[in-house]
Each structure stands twice: as C-alpha cells, then as structure tokens.
Amino acid sequence: MKIAIRMLGIATIILWIITIFFIVTSVYSVLQLGITIGGVQMFPSSEGINFSLPFSISNNGYYEIADLNLTTRVTDPDGTILDRSETIIPSIPQATTINSTHTVPIDLDTILSMDHVPLLLNDSSFDIEIFAALNFARAIPIQVYTNATIPWGAPLSHFSVGRPSVSPFNSTHSEATTPVSFQNNAVLDLVGTLKMEFYSDSQGLIASGETPINVPSGKSYNGEVNAYPRQQDVSKLRDRENVHVIFETPMFVVEWEESYG
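Note that the structure is predicted; figures quoted are calculated from it, not measured.

1. Some points on the overall build of the protein
1) Next: Scanning the protein from N- to C-terminus turns up four helices and 16 strands.
2) Next: Within the span of the protein, comprising 261 residues, buried residues form 39% of the whole.
3) Next: In the protein, the proportion of contacts linking residues at least 24 apart, taken out of those at least 6 apart, comes to 63%.
4) Next: Surface exposure of the protein reaches about 14,100 Å², of which carbon and sulfur atoms provide 55%.

What follows is the structure, encoded as structure tokens:
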C-alpha cells in the first residue's frame, strides 16, 4: 500500500513537472510568435475593387500553430458592413514562416444596392477590423485584434455639371451643350456612357443626350453632353436648376439628380 502511494506521489510530481515545463515552453513560444500585417493595397477586379492585405506569421517557438483564421470586417463611414472575409491556414509547423495575402473584395453593385451613390461621387475611407485567431500547440487559443483605415477613391470624384449653353441647331430644335467634369480617383479605369435627361417642372422630358466616357485611373475628365430640345422648350430647360444624370458601365448603373455648378 505504501509503495502504491509512493508511486502515485512520484507520478503526480512528474505530471506537475511536465505541466510546468509545457506551460513555460508554451509561454516562451507565444512570446516568440511573430505576426506582421502589411499595408493595404488596392487592385481592380471584374466586379469592383479588391483590397489586398499581406501578412506573415513566424512560428519561432517549440510547438505547431494550428487553425489560423484571419477575418476582416469592412464598414463604411456610417458603420454599415460592406464585406466580411476570412483566410484560413490549417497549420504552421515549428520554425516556419508563412507569407500569405488576405483579399477583401468590394463589389460596386453591392455598394449601389445599399444606396451608397455618394461613395461613387466623393472620396472617403473605410474602416477595417482585423481578427486573428489561432490554436497554439493545439491546446492554447490565442486571439489578436487590430484595426486600420482604407482610403477610398471615388470614380466620379468632384463631379460637376455646368449650366447648359443653348444655340440654334435647325428650324425646329436648339442645341444645349452641358459641360461635365470629374476626377477618376478609383484604381479602376472608368469606361461607360454618361447620359443626361432634362425635365420640365411638370416632369415632362424636354431633351436628353449622352456621350461615351473612357477615363483611366487617376485621370480627370472635362467634356460635354449635347442635347437637342425643341425651340419652344428652351425656356423650360433654362429655368431648371438640376439635371438627371445616368452613368452606365459594364459593372454598374447609377443615376442621381445633379445641380448645376
């Protein structure tokens, strides 16, 4: 009986030694864990814009890192969630560095479906929350949180419409030339058709016109749209203070009322 008790005591001591050793080496390994998150980069995609977030995990400890989950949540200035994405890495062995990239897609159709037309017209920024969760030595869960700001360049930044100038066109119609300007601050080229519709106070269509648009990323546009109202409707057009704008591209269609600048 005494021998059994003595053996149990020895086993308990050994178990405690192993536990303490594991705790000490685990804490040391956690301190040797290197997590680096790079700067956010923006790239055009077939549906809008991708934000690319490079990161690296250096496992300089004694144990394997398992089930790494990097999750991001992107919100607009009003706090509305635009995207939630995750990247999963099943295992990072001891003495290994993993370099990877987390991609956050921003679909322009999604933005427009949420009535975010101002994001196409005004430069802004998005908030991105970054959550990293992992399992250390398959026994110790660790979570890391940080946040950052992503600049947003509007494709139709500083959009401005000048008041139409009217000149004779033929015996029945006049030509209304409306100047248009904007800056494409998005990372994607802007290709599409700009349409303008002029309405009377009674919401009757006076005239409409359109022009093709092809503005590379980072470039400005200065052009004009020509419309041809009937001569008897010219006074109605001149009395209006705004115009209905429609912009169509292969990725999105957006329309809004714009006041003359």
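2. Thoughts on the sheet that holds strand β13 (residues 205-215)
1) Next: Taken in spatial order, the four strands make up an open sheet running β13-β12-β15-β16, and their pairing is antiparallel. A single partner strand is all that each edge strand has here, and the edge strands are β13 and β16 (253-259). The mean angle between the axes of side-by-side strands here comes to 20 degrees, regardless of whether they run parallel or antiparallel.
2) Next: Here strand β12 (residues 190-199) runs beside strand β15 (residues 242-248); their pairing, made up of five bridges, is antiparallel. Note on β15: the bridge partner recorded for Thr-193 is Glu-248.

3. Topic: the side chain of Thr-87
1) Next: With respect to the element layout, Thr-87 can be found in strand β5 (residues 81-92).
2) Next: If sequence neighbours within four positions are ignored, Thr-87 has contacts with Phe-55, Leu-68, Asn-69, Leu-70, Thr-101 and His-102.

4. Topic: the environment of Phe-198
1) Next: Tracing the backbone through its elements, the reader meets Phe-198 in strand β12.
2) Next: Residue Phe-198 is classed as buried on the basis of its relative accessible area, which comes to 2%.
3) Next: The sequence separation of Phe-198 and Pro-229 amounts to 31 residues, and the corresponding C-alpha distance is 8.9 Å.
4) Next: With near-sequence residues (within four places) excluded, Phe-198 lies in contact with Pro-164, Thr-178, Gly-204, Leu-205, Ile-206, Ala-207, Ala-227, Leu-237, Val-243 and Tyr-260.

5. Some details on the pattern of salt bridges
1) Next: The full count for this structure, using the stated rule, is five salt bridges.
2) Next: Here Arg-73 ties to Glu-129 by a salt bridge, and the two come within 2.4 Å at their closest N and O atoms. Here Glu-129 lies in strand β7 (residues 124-136) and Arg-73 lies in strand β4 (residues 65-75), a separation of 56 residues in the sequence.
3) Next: By relative accessible area, which is 18% here, Glu-129 ends up buried.
4) Next: Shared partners join several salt bridges into a network, and the residues in it are Arg-230, Asp-233 and Lys-236.

6. Comments concerning the packing of aromatic side chains
1) Next: This model, assessed by the stated rule, comprises eight aromatic pairs.
2) Next: Ring pairs connect the aromatic residues Phe-159, Phe-182, Tyr-221 and Trp-256, which therefore count as one cluster.

7. A closer look at the sheet that holds β5
1) Next: Across the sheet, which stays open at both edges, the four strands sit in the order β5-β4-β7-β8 with antiparallel pairing between neighbours. Here the strands that pair on one side only, and so sit at the sheet edges, are β5 and β8 (140-152). Here the strands of the sheet are splayed against their neighbours by 15 degrees on average, with no regard to which way each runs.
2) Next: Examined bridge by bridge, β4 and β7 share nine bridges and lie antiparallel to one another.

The rules behind each value
Residues numbered from 1 in each chain as written. Predicted model: local features only at pLDDT ≥ 70, side-chain atom pairs only at ≥ 80, totals over all residues. Heavy atoms only, no water. Helix = DSSP H or I, 4+ residues; strand = E, 2+ residues; numbered from the N terminus. Buried < 20%, exposed > 50% of the residue type's maximum accessible area, 1.4 Å probe, protein only. Contact = heavy atoms within 4.5 Å. Areas by Shrake-Rupley, 256 points an atom, 1.4 Å probe, with all protein chains shown as cover. Pairing = 2+ DSSP bridges. Axes fitted to C-alpha atoms, helices over the stretch in contact; angles between N-to-C directions. Salt bridge = Lys/Arg side-chain N within 4 Å of Asp/Glu carboxyl O. Phe/Tyr/Trp six-rings, centres within 6.5 Å; stacked < 30°, edge-to-face > 60°.

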